[in-house]
Amino acid sequence: MEPAKFQFAIDRGGTFTDVFARCPGGKVRVLKLLSEDPANYRDAPTEGIRRILQEECEEPVPRDSPIDTSRIEWIRMGTTVATNALLERKGERMALLITRGFKDLLHIGNQSRPKIFDLEIVMPEVLYEEVIEVDERVVLQQAGCQLPKSDVLEVGTGSTGERVEVWRRVDLAQLEDQLRGVLARGIRSLAVVLLHSYTWSQHEQQVGQLARTLGFLQVSLSSEVMPMIRVVPRGYTACADAYLTPCIRSYITGFRAGFQRTLKDVRVLFMQSDGGLTPMSKFNGSRAILSGPAGGVVGYAVTTHADGGTEPVIGFDMGGTSTDVSRYAGEFEHVFEATTAGITIQAPQLDINTVAAGGGSMLSFRSGLFVVGPESAGAHPGPTCYRKGGPLTVTDANLCLGRLLPDYFPKIFGATEDQPLWREGALRGFQKMVDFLSSQSQRDQDKGPSQSQMTLEEVALGFIRVANESMCRPIRALTQAKGHDTSRHVLACFGGAGGQHACAIARSLGMKTVFIHRFGGVLSAYGLALADVVHESQEPCSAMYGAASFPLLDQRIAALEEQCVDALLTQGFHRSQIETEAFLHMRYERTDCALMCSASGRPARQDADSSRHGDFRATFTSRYMKEFGFVIPDRPIMVDDIRVRGCGRSGISSQHSTRPNVCSPNVETQVKCYFDDGYLDTAVYLLEELSCDHTIAGPAIIIDKNSTILIEPDCSAAITEHGNVRITVGKGKVRAIGSELNTVQLSIFSHRFMSIAEQMGRILQRAAISTNIKERLDFSCALFGQDGGLVSNAPHIPVHLGAMQETVQFQMRHLGTELKENDVILSNHPSAGGSHLPDLTVITPVFRKGVARPVFFVASRGHHADIGGTTPGSMPPHSKSLQEEGAVFISFKLVKDGVFQEEAVTQALMAPAQVPGSSGTRNLHDNLSDLRAQVAANQKGIQLVNELIDEYGLEVVQAYMAHIQVNAEISVKEMLREFAQRRGQSVGQLEVCAEDFMDDGTPIRLRVNIDPAQGSAVFDFTDTGPEVYGNCNAPRAITLSALIYCLRCMVGQEIPLNQGCLAPVRVVLPKGSILDPASEAAVVGGNVLTSQRIVDVIFKAFRVCAASQGCMNNVTFGNECVGYYETVAGGSGAGPHWEGRGGVHTHMTNTRITDPEILEKRYPVVLKRFELKPGSGGKGRQRGGDGVIRELLFRERVVLSVLSERRAFCPYGLNGGEAGAAGLNLLIRQDGRSINLGAKTSVAVSPGDTFQLQTPGGGGWGPPGDGMGQREVPPGCVPESRRPQAGFVERGSVFEYRQLQESV
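This structure is a prediction, so every number in the text was calculated from the model and none was measured.

### As for the packing of helix α19 (residues 902–910) against helix α20 (residues 924–952)
Axis angle and axis distance: for two packed helices, these are the angle between their axes and the distance between the axes, and together they describe the pair. As a packed pair, α19 and α20 sit with axes 11 Å apart at the nearest point and diverge in direction by 130 degrees. The pairing of α19 with α20 is recorded here as oblique in orientation. Pair α19 / α20 crosses with right-handed handedness. Two secondary-structure elements touch here, α19 through E902, V905, T906 and L909 and α20 through L924, N927, L928, L931 and R932.

Shown next as structure tokens:
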């Protein structure tokens, strides 16, 4: 039906605002204008509406007068206002109200650092200015709790059905005085975050009522914003809401002021992060983060399927700064917790993955590799071709290759903004790059394999190919993470830059089809016109899915459905336009891997084994099998949340028909375009002149008003009946490459090798059953060359770096010709390259026909939760021999002649029971399942490398395995030379040395001799103390892992982490020392404690930074019914130009900590305090980071074990900086006695006892008070110069997965 009034859909982006308008009678107008142009207009969306009304109505619409709204039916908007305010930290001034004892909880967060190799730990500052600790406390009731009931003031039932005890009520009188003080300081916005408010919201409601009465304009209660368990992400979400909602309100007020009657007669809707529209009165900060890109996802999802497509689709939105990747297969894919700019938000969000490759991504050559991004030229100065002095970018490369045509771009460039794109400038820039590469090649001839000089076009095309490969990796990860075949998708391309790359990316991923909508240049705006209005209702739950809970679930679903329907009816929808869909957030008991499940298409069963709203169990088990490869039939299923999504169908039809044209397509012009085969004649067509019977053979260029589409050779484009472009992608010509070094091919192989290790990890995570591997992702997968040398590994867990290489090469020496095809080796012994016994390494040699020896190896190392020994978890604090720590495997054939040796490996896993005081494995089922998963991961690696060999040949693949190792070697050599030069030593030997001590007094001494001429070094640990009678002995593999970690940190940029890192280095470890103990020595503490001291000593010798906390603070407790393990953060060391960070894990660990609400729900403890310990960081010109104080109150009798360091020797300061404070382990008995437990202990504790852990602070740098002052910024804040730049911010499920991988 044609509209009677104007309908506007507007996407207000960071650089451009896109307007899609339907005029009365059905005419469509598309407009693009700058989002910021204060010299000409106040607000871009308003200006876009004004221009179209003026042009279509043919009467003036003055800029300085409110616009007449009588001709406007509706306005729909997506906006980056909230995102930009979050990125730039320009939101509303706000304060945080949080339960007493947790004032630093959101500063500490999950305690992991975002980039494991950055010594300067830069994290976005918290959003609040002030913190008020609310004197209140609620805990969950536990059946086994043995604490006295006299302290319980009230017992009630929470909204989840859980019983709750009130230990302290809110002191409203005290709080009122504090809030008045906050108001007096000009703060009008609050976030209220109280423990367990997801189920017991009464305390937050009381605080909220008081705050509103006092005059606070924005009060965000975490129990209202998102009532989900886990206080840390809920707290971040509430803070984001309080911080951003006033900005949104301010923007909406300003927008409405540009219209008569402030738009009261016009229906105005805003896009939310979940892909649904909402009235502007309900648009809030926590649901606005993806308001901009969400429209694009809706746009391609609706249009690809409306144009006859049924295949699953990958959305590919390539802009100037970055690229957004998403997936659609008949329904939108949501995540319910995601991090943007360091703030984790709990809210339904489309799973949009942002990666660092856009048209403006900068091109560089670093350490022998072509690098694209992550830095971006932005809009100012922009690429070189923008004529504003910008760097070379992907856009410049496309321009040089003839893939962008300046004559078809507007003349808006240069200082006067009236010049065309500057191809000559881009060509000059690439010629400089060619000259630089030539000089580098001549300089490096004596350091490794060199290559012939590349032409300008080869360099530009090389960068394009590297950019394409960097975008393929997240697409593979996004699809394979959930068990989907990437090649079976359609690539839906939109955004200004994507059309130049779509064919190449689709071909690389094995896709056969590319779809580009006729409004692809403004698809985010068009998607807003197609979208539905959405209202969601959600509440927490704590029920076991089963017949007993079905009445409750059905009742709550019905109530939430009623809420959604009523909300949409009040917005003017008829009941016939409203659809609802119910979801249950389900997980297996004793796991954290929850799936949001709809029963759509699965009606209720007649056997009473399902809710009357559908068979949710069938959906859950089907999705679990799809994503993880197995189900757990006898395990109860828990429901954590109930959610209903109501949709008011209101989008316009996406159908548009074009008439066939019997004439051949008109060729606008012919140009020369560069491809793999050189310059080819390329026809240019205008999209507006093509009709539905036209087919365009590649090479060709199709130009639209807002985008350029490149049809590569062996591809063809057909115009569909709706006027869209559907490209059929051919296989293309196979490029023959030789084994000699080619830097472009080296960069691509670097991505391919890493992608193989990443895909192995995905298979392992999917197939594993244990929490450690499936959810904590405590594993590494790796690829090795024919000599057993490491080629690539993922993820980069510090304690695994390089260690598996020792294991593989040991097996090569140990087994020799006994390494047979279809055999798989299991090993964990320290003398065979193991780190500690729970880390089981599975190695598969790979043979090729006609080759007698293995041509490469794949391996996976996973941390098994238990392999026997004296204590559950196989990490005993007082072990004195290896036998006490669990099952031992030196060289065990897990698979022999293709048969999994289940009986033999079971016997080996149960063997520790023969040692007095020990047990065999306590979880054999998980061990066997995880070992099979490791074998499956190896098989995936073998398949992928064999595909690579089939494509390029064995000789080429092995050659590039060697080239990539040489590349890492050169990077380390350059670092060593630069260090020697800074120390004034360019010839002869440079010697540096350092020592530090374990708490028992054992010295670790290091002497480093550097040869600047060779770029080599000897790391000599002679005079290190002897093996200890305990478990702090560190196998050789631990020292090598610590050394690779340190070398990578000191290199300071991305390099391949492989055996080449250690090629310029010789390591001397004295036999019988703590760093090379006897084969029967206990080692579990060496993995988690001594590894940190090795890092401290290396950094001290190189004077890189002051010592960090130097400990992992391992805490375990348990009894016959329950067991728990955690490591706890401390302070990081300061450096020459950075402050240490407080409350963060450092160096060889990065483990996340259990959320306080999960901890108290599942374990017999109450967390009394978790906050920074002020002043524990060492003083200096740059202060060290503070340690933390963590107090656990025990509710039952348990055995507490502590394994820690830095209780006697403090973390050192450097260059005159003072040491950080040592840690302290206190047991506070119920009667008030305080007992120092020492660094390592195991003790029985009683109900009412409290364990207080004080972790070490980081050392300071430089003399205190030398003119630089003390701490220059408060905890949690980052100086302006160190804040992350606005623009590209990586996000999405692929990013979250990698962050979790590196949080081990």
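### Describing the pattern of salt bridges
Applying the stated criterion across every chain yields a total of 58 salt bridges. For R137, the salt bridge is made with E1160, and the minimal N-O distance between the two is 2.4 Å. Placement of the pair is R137 in strand β7 (residues 137–140) and E1160 in helix α24 (residues 1156–1162), with a sequence separation of 1023 residues. Comparing R137 with E1160 shows no difference in burial state: the two are buried. Residue D1186 is joined to R1183 by a salt bridge in which the shortest nitrogen-to-oxygen separation is 4.0 Å. Grouping residues by exposure puts D1186 and R1183 together as buried.

### Some details on the sheet that holds strand β47 (residues 1114–1118)
With respect to topology, four strands assemble into an open sheet ordered β48-β47-β51-β54, the strand pairing being antiparallel. Pairing within the sheet leaves two strands with one partner each, and these edge strands are β48 (1123–1127) and β54 (1240–1245). Taking the axes of each pair of neighbouring strands and ignoring which way they run, one obtains an average angle of 15 degrees across the sheet. Helix α23 (residues 1084–1102) contacts β47, β51 (1198–1203) and β54 of the sheet and is inclined by roughly 55 degrees relative to β51.

### A closer look at the sheet that holds strand β14 (residues 313–318)
Strand order in the open sheet formed by eight strands is β20-β15-β14-β23-β24-β35-β34-β31, and the pairing between neighbours is mixed. Strand pairing shows two members of the sheet lacking a second neighbour, β20 (353–355) and β31 (695–697), which therefore form its edges. Shown here is a sheet whose adjacent strand axes are inclined to one another by a mean of 25 degrees, direction ignored. Where β31 meets strand β34 (residues 715–719), three bridges bridge the pair, whose relative direction is antiparallel. Paired with I696 across the bridge in β34 is A717.

### Here's the deal with the nonpolar core
Formed by 122 residues in total, the largest nonpolar core has its most connected members in F8, I49, I75 and L1200. The element contributing the most residues to this core is helix α7 (residues 231–256), with 14 residues. Setting aside anything within four residues of it in sequence, one finds I49 in contact with F8, I10, I67, I72, I75, F255 and F259. Within the second largest apolar cluster, 69 residues are counted, among which are L801, M975, A1034 and V1067.

### A short note on the environment of E902
Of note, E902 is situated in helix α19. It is 51 Å that separates the C-alpha atoms of E902 and G1184, two residues lying 282 residues apart in sequence. In contact with E902, other than residues within four places in its own chain, are L928 and R932.

### Quick word on the pairing of strand β3 (residues 28–34)
It is a general feature of regular strands that their side chains alternate between the two faces of the sheet. Bridge count between strand β2 (residues 16–22) and β3: seven bridges; the pairing is antiparallel. Each bridged residue has a counterpart across the sheet, and for F20 the counterpart in β3 is V30. Connecting the antiparallel pair β2 and β3 is a turn made up of five residues, with G25 showing a positive phi of about 95 degrees.

### Section: the packing of aromatic side chains
Using the criterion set out here, one finds 32 aromatic pairs in the structure. Look at F979 and F1102: their rings are 4.7 Å apart centre to centre, the planes differ by 50 degrees, and that puts the pair in the tilted class. Taken together, the residues F979 in helix α21 (residues 954–982) and F1102 in helix α23 connect sequence positions 123 residues apart. F979 gets classed as buried once you look at its relative accessible area, which sits at 5%. Put simply, the rings of F365, F370, F430, F436 and F463 pair up and form one aromatic cluster. One cation-aromatic arrangement involves R932 over F900; the distance from NZ or CZ to the ring centre is 4.6 Å.

### A short note on the packing of α21 against helix α22 (residues 1036–1051)
Direction vectors running N to C along α21 and α22 enclose 70 degrees, while the axes themselves pass 10 Å from each other. Here α21 is positioned roughly perpendicular relative to α22, judged by the angle of their axes. Pair α21 / α22 crosses with left-handed handedness. Facing S971, V972 and M975 of α21, the residues of α22 in contact are L1047, M1050 and V1051. Grouping the constituent residues of the contact of α21 with α22 by class yields five nonpolar, one polar and no charged.

### Some remarks on the side chain of T199
With respect to the secondary-structure elements, T199 resides in the loop between β10 (189–193) and α5 (202–214). When its relative accessible area of 4% is taken as the criterion, T199 is described as buried. Those residues in contact with T199 that lie beyond four places of it in its chain are L140, G158, S159, T160, E162 and V164.

### Things to note about the confidence of the model for the chain
Scored by pLDDT, the chain comes out at a mean of 88, with 94% of its residues at no less than 70. For the stretch residues 1268–1287, pLDDT sits under 50, and the model shows 39 contacts to residues farther than four places along the chain or on other chains.

### Observations concerning the environment of F316
Counting through the fold element by element, F316 comes out in strand β14. Sequence separation of F316 and I505 is 189 residues, and the distance between their C-alpha atoms is 9.9 Å. Contacts of F316, omitting those with residues within four sequence positions, involve T323, D324, V325, M471, I475, L491, A492, C493, F494, G498 and I505.

### Observations regarding the side chain of H107
Looking at the element boundaries, H107 is found in helix α3 (residues 105–108). A polar contact of 3.1 Å, which involves the side chain of H107, links it to the backbone oxygen of G1142.

Thresholds applied
Residues numbered from 1 in each chain as written. Predicted model: local features only at pLDDT ≥ 70, side-chain atom pairs only at ≥ 80, totals over all residues. Heavy atoms only, no water. Axes fitted to C-alpha atoms, helices over the stretch in contact; angles between N-to-C directions. Helix = DSSP H or I, 4+ residues; strand = E, 2+ residues; numbered from the N terminus. Parallel < 35°, antiparallel > 145°, perpendicular 65-115°, else oblique. Left-handed = near helix turned anticlockwise from the far one by under 90°. Contact = heavy atoms within 4.5 Å. Salt bridge = Lys/Arg side-chain N within 4 Å of Asp/Glu carboxyl O. Buried < 20%, exposed > 50% of the residue type's maximum accessible area, 1.4 Å probe, protein only. Pairing = 2+ DSSP bridges. Core = buried A, V, L, I, M, F, W, Y, C linked by side-chain atoms within 4.5 Å. Phe/Tyr/Trp six-rings, centres within 6.5 Å; stacked < 30°, edge-to-face > 60°. Lys NZ or Arg CZ within 6 Å of the ring centre and 35° of its normal. Nonpolar A, V, L, I, M, F, W, Y, C, P; charged D, E, K, R; others polar. pLDDT = per-residue confidence, 0-100. Polar contact = N/O pair within 3.5 Å; in protein donor to acceptor, adjacent residues only side chain to side chain.

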